[in-house]
Amino acid sequence: MSWIDAVRYRLRTLLDREQLAREMEEEMRFHVEQHARHEGDEHRPSDARAKARRRLRHVPSLVDDRRQASGLAGLDRVLQDVRYAGRQLVRAPGFTLAVILTLALGVGANVTMFAIVDRVMLRAPDGIANPDAVWQLRSWRELRSGRDSSGAMSFPSYAEFRAMTDAFESVTAARGPMDVAVDRGPTAENARGMLVADDYFQTLGVRPQLGRFFLRDETNERSGAAVAVLGHDYWQRRYAGDPAVVGQTLFANATTFTIIGVAPRAFSGHTLSAVDFWLPIAATPGLRMGRDETWASERGNRWLATLVRLRPDMSTEQALARVSLGWTAWNVSPERTEVAAPTPFLVSLIPAESSSRPEHQVARLLTGVAILLLLITCANVANLLLARALSRRREVAIRLALGVGRSRLTILFLADALLLAMLASGAALAVAWIGIPTVRAVLFAGTNTATWPLDGRLVLFTVVTSLSAGAIAGIVPALQATRPALIAALRQGTREGAVHRSRTRLALLIAQGALSVALLAGTGLFVRSLQQIGDQHLGLDLNRVLVADFPRRETGFSSETERLTYETMRKRARTIPGVESVSFTVGVPLEGQYALPLRIPGHDSIPGMPKGRAPFLYAVTPDFFQTMGTRLLAGRSLTESDFGGPAVAVVNATMARTIWPGGDAIGQCFKIELRSPTPDCIQVVGIVEDVRRSALLETEASPQYYVPLGQQPALMSELTLLVRATNAERVLPTVRRALQSVRDDMPYVNVRTLEDAVAPELRPWRLGASVFALFGILALIVATVGTYSVMQFSVSQRTHELGVRIALGATRGNLLGLVTRESVQIGVVASLAGVLVVLLTGGLVESLLFQTSPRDPYVLGAVTLVLLVSGLLASMVPAWRATRVDPVATLKAE
Amino acid sequence: LSPSEKRDQLTGTLDMLVLRTLSLGPAHGYAIAQHIERLSDDILKVEHGSLYPALDRLLRRGYVTAKWADSATGRKARVYTLTRSGRKQLAERTIEHERISLAIARVMGHA
């Protein structure tokens, strides 16, 4: 078939170029010979031979002509250009490295963000079969305070949905993942367990890696069995991937579970959080919500996430319509008829469509920042390429003189940029390789890690981003260097004094400086927010206090054993180096407290408090205030002699002020109205400063008081150990180990810093600060490298001028000033532009800041200074080089 | 006619002549050129600069194939052969050519 011949020939022109060229040459040679022979018939032979030889010498150029005329030369040229570009890059390793590194940073940051946003926000969790059909059932209702949306369902509700087989293929419910204590004694640990109802794995469409999943008999609320399915990672970690794990036991939540299977790799259930094991809800008293007798029947107890898989013949609307039908009486108790009936709706498992967690907000912000960094990178690379293009202007002039077209030259310069971009995409992948786990650890700790590959899509994204950046950065210099005006000037061979002051280059330098200022200002604003938060007077030392307790229910200890255990724990903790004091408390600031009904003699209700509310209380040992770092304002603290003595209390400043406004709180009396109809009078003996109760940023302090532990028998439960240390974070593992080994049958002892309680609250600022700092520093590096290389280039281009200046008596100081002045000028303009950007866009981050204006003058000032200093540093080496110019050598070079 | 259209028509003519020559049997480049020059009484000069690009063009379109074979002088030469689709193409070109030459002749005859 002739079209096959055609294709074959075309393929050869692409793939077998060398051979084809040889054949063409051979054919031309044959032609010339034939011609010579033929002519020789008519003319004198010697003449013909000479003529033939002359023409033979031109065979290669004949081949060239032919390729040109046959349209085969296009690809040749491109290959030539690429080869040429490659040689040029090897010849200037410094430049090449600078461009590749800058591009790699900019592109790598974007790939990292792409990977994370893609995985965490845009896709359903891995391992779910046909995830489009799986939805979470939520409900919303209209309250006076606004629309209230909730994903929490009661067990009876779930049971109702489960019966709606005409709407759903299958329905399941789950809670968690949550902390579950595994093992006892020294090997005890906390793992992440998920509690599941019937058909969890069936609904998500997963097959076990090993063994089997739960049977309905095992998960059902009436039967229930102590069986467990392990997560793949946990199986690898704790059981070393032992294939004989099925049938072994797992001691968790004070129950011995039999392992029946292992979930596949990368599967973490319906959420992105890593799961160590799945347990049937029916077998997890204490972990599920509600009392053991009523957990499956309480309608008001809403705690389960309900997941459904739609029937293939059902749309979401149809399914919802059926749910609504069976839902009319749902959860509306007769005595609370003022509450509107909830309306069901379905949300996808794709996080971006259902979640507004701060991490996601930060991820969005981060993506914006990454794109900004890419722009800076493009500006910088464009600048480097431009500088290089100008340094090649002689070559350009020669090429133009030889008749090379402008378009060809433009392509040549673009080829340069694209080749660099290709190389940079490799380096960018390396950056992402490091960046993805880092950002994931900072931003999305505890997220399932098996699902973060550098896959083909990511590589493609990298290459495309890199090439686009390269093309954007390369087009400016390509057009500039081949600009007709410039070319004309070059043809005349003028020493181009004006070239090094190219306006484009200046604009690019200023642009990247300005963007760096904007990013650094972001860092500054978040750091300042954190500072403002740190300056808040909390009434306690956040980072010096450890909080320790163990799950009471699991131990089976008698209350006496429990008390003794805590006592031993206190003694152990006391002896650890670095520990300053130890105290017991019932109720922990920032974590949770009790309130008991109070009566103030002479008052019908508690002054300054809404009806039915009472001040919060803590039952503490004497060294509590010392341990927390809370200051006594008046009166005395609690002492050992108060334990067993008459009832006393220390109140906080707010309680003293609101209940006894006269300032005479000390000596006053109040009563706890509990069981006893004639409660004792509790005498106020001291006043302490206000302590934050539930959050770092409370709008107003709440009344609180402290009684000696044991004086109020109702408050002997939920003991917690407080440990004060110079550096709480550092002694934490030691403390945990010491407490864990107090008894052989000790369940997992939970030790955390007091700071952990407020960490979620601080997270947005911490994240903002670290993210902006990271990107700001990257941007500064890029901008500094950019300024440096441009100044360096500028000096090398001005050698002649500098030589003349030296010859005319310019001092070193003059020369240093000459070079640094330019850099400082650029820095000043860039700073001003950057400040302008911040002033214009500051509103975007305002809501994320704490008591900090986005126009904070200190931040703007500091950032400007940083940029100026970096600009100065960047011009140091070039300036020094300027002073080393040898006037004799440069002038002789003319 | 614009310059590019004119060039197209001229190269088109050369292509047609080459196809016509090859319809008589396989031949190498020089032989093709010779044949055209002889038959046209040396009025049509076929320069190698346009002949070989024309042959490349025909190769790419699949109208001819090429292979190396011994020439009359014993030296290896690249010999071109007309393919079936080349033959079809020649037929179409011939008809078109005759139509146009006739038209031109009529016009010229009246002038």
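These numbers were taken from a predicted model, which means no experiment stands behind them. (Residues numbered from 1 in each chain as written. Chains lettered and ligands numbered in written order. Predicted model: local features only at pLDDT ≥ 70, side-chain atom pairs only at ≥ 80, totals over all residues. Heavy atoms only, no water.)

## A word on the overall build of chain B
Then comes step 1: What chain B contains, in helices and strands, is four helices and three strands.
Then comes step 2: Going residue by residue from the N terminus, the α and β elements of chain B occur as α-β-α-α-β-β-α.
Then comes step 3: A total of 111 residues make up chain B; the buried ones form 39% of that total.
Then comes step 4: Pairs at least 24 apart in sequence give 47% of the contacts found in chain B among residues at least 6 apart.
Then comes step 5: Just so you have it, chain B exposes about 6,700 Å², and 57% of that area is on carbon and sulfur atoms. (Helix = DSSP H or I, 4+ residues; strand = E, 2+ residues; numbered from the N terminus. Buried < 20%, exposed > 50% of the residue type's maximum accessible area, 1.4 Å probe, protein only. Contact = heavy atoms within 4.5 Å. Areas by Shrake-Rupley, 256 points an atom, 1.4 Å probe, with all protein chains shown as cover.)

## Comments concerning the interface of chain B and chain A
Then comes step 1: Opposite the 26 residues of chain B that make contact, chain A presents 26 residues.
Then comes step 2: For the pairing of chain B and chain A, the buried interface totals around 2,400 Å² over both sides, and the portion due to carbon and sulfur atoms is 57%.
Then comes step 3: Its largest share of buried area at the contact with chain A, chain B owes to Tyr 30, Arg 60 and Arg 75 of chain B, together 31% of the area lost on that side.
Then comes step 4: Taken together, the links from chain B to chain A amount to three salt bridges.
Then comes step 5: With a closest N to O distance of 3.1 Å, Arg 75 of chain B and Glu 26 of chain A form a salt bridge.
Then comes step 6: Run the count over chain B and chain A and you get five residue pairs in polar contact (both at pLDDT 80 or more).
Then comes step 7: Top contributing element to the side of chain B that touches chain A by residue count: helix H3 (residues 48-61) of chain B, with nine residues.
Then comes step 8: Tallied by class, the residues present in the side of chain B that touches chain A amount to eight nonpolar, eleven polar and seven charged. (Buried area = accessible area lost by both parts, 1.4 Å probe. Salt bridge = Lys/Arg side-chain N within 4 Å of Asp/Glu carboxyl O. Polar contact = N/O pair within 3.5 Å; in protein donor to acceptor, adjacent residues only side chain to side chain. Nonpolar A, V, L, I, M, F, W, Y, C, P; charged D, E, K, R; others polar.)

## Structural notes on the confidence of the model for chain B
All names here are of chain B.
Then comes step 1: Residue-level pLDDT values for chain B average 83, and 88% of them are 70 or greater.
Then comes step 2: Taken as a whole, residues 1-7 scores under 50 in pLDDT and shows two contacts with residues more than four places along the chain or in a different chain.
Then comes step 3: This prediction of the complex comes with two scores: 0.66 for pTM and 0.79 for ipTM. (pLDDT = per-residue confidence, 0-100.)

## Description of the packing of aromatic side chains
Residues and elements named next belong to chain A.
Then comes step 1: Under the defined criterion, the tally for this structure stands at 20 aromatic pairs over all chains.
Then comes step 2: Ring geometry for Phe 624 against Tyr 706: centres 5.6 Å apart, planes inclined by 40°, an arrangement best described as tilted. A residue pair is termed long-range when its members are at least 10 positions apart, and Phe 624 in helix H20 (residues 624-628) and Tyr 706 in strand S22 (residues 704-708) qualify at 82 residues.
Then comes step 3: Given a relative accessible area of 1%, Tyr 706 falls into the buried group.
Then comes step 4: Relative to Phe 670, the ring of Trp 660 lies with its centre 6.5 Å away and its plane at 45°, an arrangement referred to as tilted. A residue pair is termed long-range when its members are at least 10 positions apart, and Trp 660 in the loop between helix H21 (653-659) and strand S20 (669-672) and Phe 670 in strand S20 qualify at ten residues. Taken individually, Trp 660 and Phe 670 each receive the classification buried, so the pair is uniform in this respect.
Then comes step 5: The side chain of Arg 693 reaches across the aromatic face of Phe 616, ending 3.9 Å from its centre. (Phe/Tyr/Trp six-rings, centres within 6.5 Å; stacked < 30°, edge-to-face > 60°. Lys NZ or Arg CZ within 6 Å of the ring centre and 35° of its normal.)

## Regarding the pattern of salt bridges
Then comes step 1: According to the stated counting rule, one finds 29 salt bridges over all chains in the structure shown.
Then comes step 2: In this structure, the salt-bridge partner of Asp 642 of chain A is Arg 636 of chain A, at a minimum N-O distance of 2.9 Å.
Then comes step 3: When salt bridges that share partners are traced, they join Glu 23 and Glu 27 of chain A together with Arg 78 of chain B into one network.

## Focus: the confidence of the model for chain A
Then comes step 1: Taken residue by residue, chain A gives an average pLDDT of 82. The fraction at 70 or more is 87%.
Then comes step 2: Within the model, pLDDT remains below 50 along residues 496-500 of chain A, and this stretch shows nine contacts once partners closer than five positions in the same chain are excluded.

## Digging into the nonpolar core
All names here are of chain A.
Then comes step 1: Judged by nonpolar contacts, the single largest core of 73 residues is most densely connected at Leu 540, Leu 542, Tyr 706, Leu 754 and Phe 775.
Then comes step 2: The dominant element in this core, judged by the number of residues it contributes, is helix H23 (residues 754-797), at 14 residues.
Then comes step 3: Residues in contact with Phe 775, not counting those within four places in the same chain, are Ala 109, Leu 366, Val 369, Ala 370, Leu 373 and Leu 519. (Core = buried A, V, L, I, M, F, W, Y, C linked by side-chain atoms within 4.5 Å.)

## Details of the environment of Ser 71 of chain B
Then comes step 1: By the secondary structure assignment, Ser 71 of chain B is in the loop between strand S2 (64-70) and strand S3 (76-82).
Then comes step 2: Distance in space between the C-alpha atoms of Ser 71 of chain B and Ala 27 of chain B is 9.1 Å, their sequence separation being 44 residues.
Then comes step 3: Ser 71 of chain B has contacts with Phe 30 of chain A together with His 28 and Ala 77 of chain B, leaving out every residue within four places of it along the chain.

## Notes on the state of the cysteines
Residue and element names in this part refer to chain A.
Then comes step 1: Tallying each qualifying case throughout the model produces one disulfide over all chains.
Then comes step 2: Disulfide pairing is shown between Cys 669 and Cys 681; the S-S distance is 1.5 Å. With a gap of twelve residues between them, Cys 669 in strand S20 and Cys 681 in the loop between S20 and strand S21 (682-688) connect regions that are remote in the sequence.
Then comes step 3: Overall, the relative accessible area of 16% leaves Cys 669 in the buried class.
Then comes step 4: A relative accessible area of 39% places Cys 681 in the partly exposed class. (Disulfide = S-S within 2.5 Å.)

## A word on the pairing of strand S4 (residues 168-182) of chain A
All names here are of chain A.
Then comes step 1: Most of S4 sits inside the fold, with eleven of its 15 residues counted as buried.
Then comes step 2: Sheet topology note: the S4/strand S5 (residues 189-196) ladder contains seven bridges and is antiparallel. Its bridge partner lying in S5, Asp 179 is registered against Arg 192.
Then comes step 3: The hairpin turn running from S4 into S5, its antiparallel successor, is six residues long, and Asp 183 in that turn takes a positive phi close to 70°. (Pairing = 2+ DSSP bridges.)

## A short note on the packing of H23 of chain A against helix H27 (residues 857-883) of chain A
Residues and elements named next belong to chain A.
Then comes step 1: The contact between H23 and H27 brings their axes to 8 Å, and the two run at 30°. The angle between the axes of H23 and H27 places the two elements in the roughly parallel class. Of the two possible hands of crossing, H23 and H27 adopt the one that is right-handed. Residues Leu 780, Thr 784, Thr 787, Tyr 788, Met 791, Gln 792, Val 795 and Ser 796 of H23 touch H27, and the partners they reach there are Val 866, Leu 867, Ser 870, Ala 874, Ser 875, Val 877, Pro 878, Arg 881 and Ala 882.
Then comes step 2: Its residues assigned to classes, the contact of H23 with H27 comprises ten nonpolar, six polar and one charged. (Axes fitted to C-alpha atoms, helices over the stretch in contact; angles between N-to-C directions. Parallel < 35°, antiparallel > 145°, perpendicular 65-115°, else oblique. Left-handed = near helix turned anticlockwise from the far one by under 90°.)

## Let's talk about unusual backbone geometry
Residue and element names in this part refer to chain A.
Then comes step 1: In this model, Gly 176 is joined to Pro 177 through a cis peptide bond whose omega is 5°.
Then comes step 2: In this structure, Pro 177 sits in strand S4.
Then comes step 3: For Asn 130, which is not glycine, the phi torsion reads 45° and is therefore positive.
Then comes step 4: Secondary-structure assignment places Asn 130 in the loop between helix H6 (93-121) and strand S1 (134-143).
Then comes step 5: One non-glycine residue with positive phi stands out, namely Asp 199, at about 65°.
Then comes step 6: Within the secondary structure, Asp 199 sits in the loop between S5 and helix H8 (200-204).
Then comes step 7: Classification of Asp 199 as buried rests on a relative accessible area of 11%.

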